[in-house]
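What follows is the residue order along each chain.
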Amino acid sequence: MKQGHHQTHDSIPAIATVKTKRWEIEGVAIIDVKLSTNQRAWAQSKPGQFAMLYGFGVGEIPISFSTLPSAEGRVSFTIRRTGAVSAALTRIKCGGVIGMRGPFGNGWPIEQLAGRDVVIIAGGLGVAPLRPVIDYLAFGRSDANRATLFYGAREPAAILYTKDIERWRNAGVDVHTTVDTASHDWRGNVGVVTSLLSGVPLDSENTVALICGPEIMMRYAAEALKDAGVSDEDVWLSLERNMKCAIGFCGHCQFGPAFICKDGPAFAYDQIRSNLFVREL
Amino acid sequence: MRTFDDDDTNHLFILERAGFGALIEALSDAEYEVIAPTIRDGAIIYDAIISEVDLPSGWADDQQAGRYKLKRRNDEALFGYAVGPHSWKKYLHPPEQLLWRAKKKEGGFDIHAAPIDTRKRAFLGVRACEIAAIEIQDRVFLRGPHIDEAYRARRENTLIIAVNCGDPAATCFCVSMSTGPAVRSGYDIAITEIISEDRHHFVIDAAGDAGRTVLKHLPLRPAGKKGLQAAEAVTAHAQQQMKRSLDTDGLQALLQNNADHPQWDNVASRCLSCTNCTAVCPTCFCTTVEDHTDLSGENAERVQHWDSCFSGSFSELGGAPVRRSTKSRYRQWMTHKLSTWIDQFGTSGCVGCGRCIAWCPAGIDITEEAAAIRKGANS
C-alpha cells in the first residue's frame, strides 16, 4: 500500500444539493436532490436499494430511494422526522447540501416479476421503498402480468403519495387503500391491510408479493399469503434495522445470519420466516 | 504422524537466547515499529517495545473464569504465558479511528477522507489462535463485496512473528477450535522457545521472504531434524496440557434452533452486559460512528469506535432497542460467535483463546454455556 491512500469510497459521502422539499404529510418530507459527482454509478441503482444520508455534523441514516437516481443524478427520498438526523435532513432548505453514500442493499427481485401477478403490500412509510417498483410496474418496461397494491396507513391524513396513487390507478395498477382509524366522513376501507387481501382473488401459483411496513404487519401479511397458497419463496419482505456503515462492517443490522445492509434489505420469506418469530432477535 | 526429509528443515534455524536482542534490533533497523508483549498494570499487554528488556522475562499467568493474575516462573522464559487482555486487533482494527473530515464552504461542504496509516509494524509474539483471529477479521474486512482500505493498508504493512505455545492457560481451548497451539500458517517468522536446565534457545522458522530478509544478519545456524523435533515437542506438550474444550459438533444449527432454550435465562441472570467479552475478543469487529462538529460549526468529522452487541442501543428498529433483555444480547453474542458467523464468513468466530472467560467479571464460560445449551436442546 502506497502513501496517501484513503479510506474506501464506500464510507465517504458524496455531496448532493437539495432541489425541492415539500411536506408530503405531517412529519414526512420528500426531498429531491441532485448529486454533484459520480452520477453514472448512482444511475445503476435498483428499486428497494437505499442510501445513507448525512446531515452536516449530525449523523447519517439509511433511507430508501423513493424515486431512482436519474442519469443526471436526480433522486428523491421520503423522510419521516423522528430522530436528530431525520430532523436535520428535513430542516434543510432548497439549495442546501447533504451527504449521500450508496447505493446499498440488494433491492426488490425485479428480474423475477416477468409474467407474474405482483402483489404489493405497504404499511405506513413502508410504501416509500416500494414506490420505485410500483412506478416500474406502472410506467416502466415491466413484463409483469398485473400489479395490485394494498396500502394501509394510520389515518386518511397519513396516506402518502396520493397523486401517485391516481397515476398508478390510471396506468392500470389495482390500488386498494385502508386506514386504521378514520372519522365518519371517510368513505374508504377501515382495518388492517391484511383484511384487504381476502377481498381480492389471488392466482396463488403465479403471485409474487413485495411487502414493506412495520415488522408485525409484514409477518401477518406474509402468513396471510402463505395461507392463501403463495409460496414462501415468492413472498419478499424488506427489513429494517439501524445501520452505521451499510457495507457489512459495523455489525449493527444483523438479523440472525443476515446482514440487512448487504444481504437485504429484501428477503424471501423462506429465508427469514423462523427468525421473524424469535423475540428480540 | 508426519515424516520429514532433510529439505523440510531448510527453513529452520537455531537462535540462542543471547542473540534474541539482535532480532528486535534487526526489526528496528528494517524500520518496523516492534509491537510485543510487555507488562503493565499487572497484565501482559501489547505495546511498542524498544529492546528485549521490555519483554516479560520469567512471567507466567494464572487464568481461570473471571480471574487473571501474573506469577513468576522458575525460569527466564520470554514467552512463558498465554494471551492477556489485549489482542492485535487494537492495531489492525483500532478502537478509535477517524474516517473523514468535512468543512463548510460557500453553498455546501467538502469531505476529505482521513489519511491511511501506512506505518510498518512487526507483531512479535503472535500466538496460533491470534493468527486465526487475524485471518477471521481478514474475511470480514477484505473478502466481502466491500473492502476496508484502512484495514488492508495496516494488514499489508504488518510483519507477523509468531510464537508457538508451550504452556496454555487453563482458559485456553484452541485445540477444540482447530486454531492451535502450533502455528501452521499466516506468519512471516515463527519462534519456538526451548528451555532446558543448561540452555535457553529458540527454533526459528523463516517461512517467507519478508521474514528471511529480517533474519539475514542474525547469528543463526541450521536447526536440522533435531531442532524440528524439539520445537514440535513444545506444542505437543501444550496440546496435552489443554484441559478446556468446546464441542463444536453441530453447534451451528444447535444454537440457531434453540433461541428459546432456558439456559439463555440462566446465563442472563449472571451476565452484567458489561461488554468486556466483546472488547477482549480478538475477532469481535462491530463498530459505531460519532459525528462531531467543532465550536464554529464549520468543521465536522466522523470517528469510528468499537461497539458491542451488549449495548442497549446496538440494534434498533424505529428508534427503539430491539434487544431489550440481557438474555437476548448474550444470545446474540454467543450465537453470532459460534454459529451465524459460519453462515456469514465460512468460519467460526471463536478461536478458543479464552479471553472472554478470564475477563468476564461474572466468570461466564462460553464453553460451559454452549454445553448447557446442548443439554436438553431442540435438534
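Residues numbered from 1 in each chain as written. Chains lettered and ligands numbered in written order. Predicted model: local features only at pLDDT ≥ 70, side-chain atom pairs only at ≥ 80, totals over all residues. Heavy atoms only, no water.

A. Quick peek at the packing of helix 3 (residues 128-142) of chain B against helix 4 (residues 149-156) of chain B. Residues and elements named next belong to chain B. Viewed as axis vectors pointing N to C, helix 3 and helix 4 meet at an angle of 145°, and their least axial separation amounts to 9 Å. The way helix 3 lies across helix 4 gives a crossing that is left-handed. Residues Ile 134, Glu 135, Gln 137, Asp 138, Phe 141 and Leu 142 of helix 3 touch helix 4, and the partners they reach there are Tyr 151, Arg 152 and Arg 155. Counted by class, the contact of helix 3 with helix 4 contains four nonpolar, one polar and four charged residues. (Axes fitted to C-alpha atoms, helices over the stretch in contact; angles between N-to-C directions. Helix = DSSP H or I, 4+ residues; strand = E, 2+ residues; numbered from the N terminus. Left-handed = near helix turned anticlockwise from the far one by under 90°. Contact = heavy atoms within 4.5 Å. Nonpolar A, V, L, I, M, F, W, Y, C, P; charged D, E, K, R; others polar.)

B. Helix 6 (residues 215-227) of chain A, seen in detail. Residue and element names in this part refer to chain A. Taking 1.5 Å per residue, 13 residues should reach 18 Å; helix 6 reaches 18 Å between its end C-alpha atoms and fits that length. Each element contacted by the buried residues of helix 6 is listed here: strand 7 (117-123), helix 5 (194-197), strand 11 (207-212), strand 12 (235-238) and helix 8 (269-276). Gly 229 sits one or two positions beyond helix 6 and adopts a positive phi of about 95°. (Expected span 1.5 Å × (residues − 1).)

C. A look at the state of the cysteines. Inspection of every chain in the model, using the stated rule, returns zero disulfides over all chains. Not engaged in a disulfide, the cysteine Cys245(A) finds its nearest cysteine sulfur in Cys250(A); these two sulfurs lie 3.9 Å apart. Summary of cysteine pairing: Cys274(B) is not part of a disulfide, and the nearest cysteine sulfur, belonging to Cys360(B), is at 6.1 Å. (Disulfide = S-S within 2.5 Å.)

D. Seen up close, the interface of chain A and chain B. Opposite the 44 residues of chain A that make contact, chain B presents 60 residues. For the chain A and chain B pair, buried surface summed over both sides reaches about 4,200 Å², with 56% attributable to carbon and sulfur atoms. Between the two partners, chain A and chain B, sit one salt bridge. For the interface between chain A and chain B, the tally reads 19 residue pairs in polar contact (both at pLDDT 80 or more). Those elements giving two or more residues to the side of chain A that touches chain B turn out to be strand 4 (59-67) and strand 6 (97-104) of chain A. Examining the composition of the side of chain A that touches chain B, we find that five residues originate from one element, strand 6 of chain A, more than from any other. Grouping the constituent residues of the side of chain A that touches chain B by class yields 17 nonpolar, 16 polar and 11 charged. (Buried area = accessible area lost by both parts, 1.4 Å probe. Salt bridge = Lys/Arg side-chain N within 4 Å of Asp/Glu carboxyl O. Polar contact = N/O pair within 3.5 Å; in protein donor to acceptor, adjacent residues only side chain to side chain.)

E. Representation of the domain arrangement of chain B in the model. Residues and elements named next belong to chain B. Considered domain by domain, chain B is made up of domain 1 (8-241) and domain 2 (251-374). A straight line from the C-alpha centre of domain 1 to that of domain 2 covers 25 Å. With 42 residues of domain 1 at the contact, the number on the domain 2 side is 40 residues. Buried area between domain 1 and domain 2, summed over both chains or domains, comes out near 3,400 Å², and the portion from carbon and sulfur atoms is 60%. The largest share of the area that domain 1 buries against domain 2 comes from Lys 89, Ile 136 and Phe 173, three residues that together contribute 18% of it. The interface formed by domain 1 and domain 2 holds two salt bridges in total. The interface formed by domain 1 and domain 2 includes 26 residue pairs in polar contact (both at pLDDT 80 or more). Put simply, the parts of the chain that give the side of domain 1 that touches domain 2 at least two residues each are strand 3 (43-48), strand 4 (59-64), strand 5 (67-72), helix 2 (89-92), strand 6 (96-105) and helix 3. Per-class residue counts for the side of domain 1 that touches domain 2 are 22 nonpolar, 11 polar and nine charged. (Domains from an automatic or database assignment.)

F. Local environment of the packing of aromatic side chains. Applying the stated criterion to the full structure yields 23 aromatic pairs over all chains. Taken together, the ring pairs in this structure connect Phe249(A), Phe259(A), Phe141(B), Tyr151(B), Phe285(B), Trp341(B) and Phe345(B) into an aromatic cluster. Across the ring face of Phe259(A), the terminal group of Lys262(A) is positioned such that the distance to the ring centre comes to 4.8 Å. Between Lys120(B) and the ring centre of Tyr32(B), over which it is positioned, the NZ or CZ distance is 4.4 Å. (Phe/Tyr/Trp six-rings, centres within 6.5 Å; stacked < 30°, edge-to-face > 60°. Lys NZ or Arg CZ within 6 Å of the ring centre and 35° of its normal.)

G. Spatial organisation of the sheet that holds strand 3 of chain B. Residues and elements named next belong to chain B. Spatial ordering of the open sheet is given by 3-2-8-9-10-11-1-12, a layout of eight strands whose pairing is mixed. Looking at the sheet topology across the chains shown, the edges are occupied by strand 3 and strand 12 (221-222). Bridging between strand 8 (residues 121-126) and strand 9 (residues 158-163) involves five bridges; their strand directions are parallel. What sits directly across from Ala 122, in strand 9, is Leu 159. (Pairing = 2+ DSSP bridges.)

H. Representation of helix 4 (residues 162-170) of chain A. Residues and elements named next belong to chain A. Of the positions making up helix 4, those classed as buried are Asp 164, Ile 165 and Trp 168. End-on view of helix 4: buried residues confined to an arc of 105°, all on one side of the axis. Counted as exposed and oriented over 90 degrees from the buried face of helix 4: Lys 163 and Asn 170. Of the residues trailing helix 4, Gly 172 is marked for its positive phi of about 100°. (Buried < 20%, exposed > 50% of the residue type's maximum accessible area, 1.4 Å probe, protein only. Arc of directions from axis to C-beta.)

I. Molecular detail of the pairing of strand 13 (residues 287-293) of chain B. Residue and element names in this part refer to chain B. Inspection of the sheet shows strand 13 paired to strand 14 (residues 299-306) by seven bridges, in the antiparallel sense. Pairing of Thr 287 across the sheet is with Trp 306, part of strand 14. Remark: five residues form the turn of the hairpin made by strand 13 and strand 14, two consecutive strands paired antiparallel; Gly 297 in that turn has positive phi of roughly 75°.

J. Broad picture of the environment of Arg355(B). Residue and element names in this part refer to chain B. You can see Arg 355 is positioned in helix 11 (residues 355-358). Once residues within four sequence positions are removed from consideration, Arg 355 is found in contact with Tyr 46, Val 83, Gly 84, Pro 85, His 86, Ser 87, Glu 130, Val 280 and Pro 282. Within the local environment of Arg 355, its side chain forms a polar contact with the side chain of Glu 130, the two groups lying 2.5 Å apart.

K. The domain arrangement of chain A, seen in detail. All names here are of chain A. What the domain assignment reports for chain A is domain 1 (9-104) and domain 2 (110-276). Contact residues are listed per partner, giving 22 residues for domain 1 and 23 residues for domain 2. Interface area, domain 1 with domain 2, both sides summed: about 1,700 Å², of which 65% is carbon and sulfur. Here domain 1 is connected to domain 2 by four residue pairs in polar contact (both at pLDDT 80 or more). Counting residues per element, the ones that place at least two in the side of domain 1 that touches domain 2 are strand 1 (14-25), strand 2 (28-35), strand 3 (50-55), strand 4, strand 5 (74-80) and strand 6. At six residues, the largest contribution of residues to the side of domain 1 that touches domain 2 is made by strand 4. Taken together, the residues that form the side of domain 1 that touches domain 2 break down as 10 nonpolar, six polar and six charged.

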